[in-house]
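Remarks on the overall topology
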Amino acid sequence: KLGSYKSQNSRPHVTLASFYLDEQREEFLVKYLDKFSSSLNPFAVWVKDFGYFESSGNQGVAYLAVQNKDSIVHLQTMLNVVLKIDVRVQKKYLLK
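Residues numbered from 1 in each chain as written. Predicted model: local features only at pLDDT ≥ 70, side-chain atom pairs only at ≥ 80, totals over all residues. Heavy atoms only, no water.

**Here's the deal with the packing of aromatic side chains**
To describe a pair of aromatic rings, one takes the distance between the centres and the angle between the planes. For the record, the criterion: Aromatic rings from Phe, Tyr and Trp, with only the six-membered ring used for Trp, were paired whenever their centres fell within 6.5 Å, and each pair was classed as stacked if the ring planes differed by under 30 degrees, edge-to-face if by over 60, and tilted otherwise. Going along the chain from the N terminus, every DSSP run of H or I of four or more residues is numbered as a helix, and every run of E of two or more is numbered as a strand.
Applying the stated criterion across every chain yields a total of two aromatic pairs. Considering the side-chain rings of Phe53 and Tyr63, the 6.0 Å spacing of their centres and the 45 degrees angle between planes classify their relative orientation as tilted. One end of the pair, Phe53, is in strand β2 (residues 47-53); the other, Tyr63, is in strand β3 (residues 61-66), with 10 residues separating them in the sequence.

What follows is the structure, given as structure tokens:
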């Protein structure tokens, strides 16, 4: 059952990274990610079908299945590298 009010009103998104960072570094991170994203070339994302999985603390997560994952995986890999090197997020705090 997907009845979560919060998810019904959230914007669709693709999660590229999840990590912990000291709140004092938030302004730096926002500026850095803005600069990082401006250097990227746009690419298409094709979705087909959908799936669902249970999630702790939620009623479940519904998602669209991405067909052409290579561009997203490459972007995610690049982002993890810059988060470790430039933003200095410790590897143990990067969530996969």
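**Some details on helix α3 (residues 70-85)**
To keep it simple, the criterion reads: Here a helix's expected span is defined as the number of its residues, less one, multiplied by 1.5 Å. Categorising residues by exposure relies on relative accessible area from a 1.4 Å probe, with only protein chains included: less than 20% of the type maximum marks a residue as buried, more than 50% marks it as exposed, and the intermediate range marks it as partly exposed. The arc in question is formed by the directions pointing from the helix axis toward the C-beta atoms.
The end-to-end C-alpha separation of α3 is 23 Å, in line with the 22 Å expected for 16 residues at 1.5 Å each. Of the residues making up α3, those classed as buried are Ile72, Leu75, Leu79, Asn80, Val82 and Leu83. Considered in projection along α3, the buried side chains sweep an arc of 170 degrees and stay on one side of the axis. Away from its buried face by more than 90 degrees, α3 exposes Asp70 and Ile85.

**So, the nonpolar core**
Generally speaking, soluble globular proteins have nonpolar side chains that are buried together. We count it as follows: Here, nonpolar core means buried Ala, Val, Leu, Ile, Met, Phe, Trp, Tyr and Cys residues that are tied together by side-chain atoms lying within 4.5 Å of each other. Whether two residues are in contact is decided by their heavy atoms: any pair within 4.5 Å suffices.
One finds Leu29, Tyr32, Phe36, Leu75, Leu79, Val82, Leu83, Val87 and Val89 forming the largest nonpolar core, which totals nine residues. Sorting the residues of this core by element identifies α2 (26-38) and α3 as the ones contributing at least two each. No other element matches the four residues that α3 contributes to this core. Dropping the residues within four chain positions of it, Val87 is found in contact with Leu21, Arg25, Phe28, Leu29, Tyr32 and Val82.

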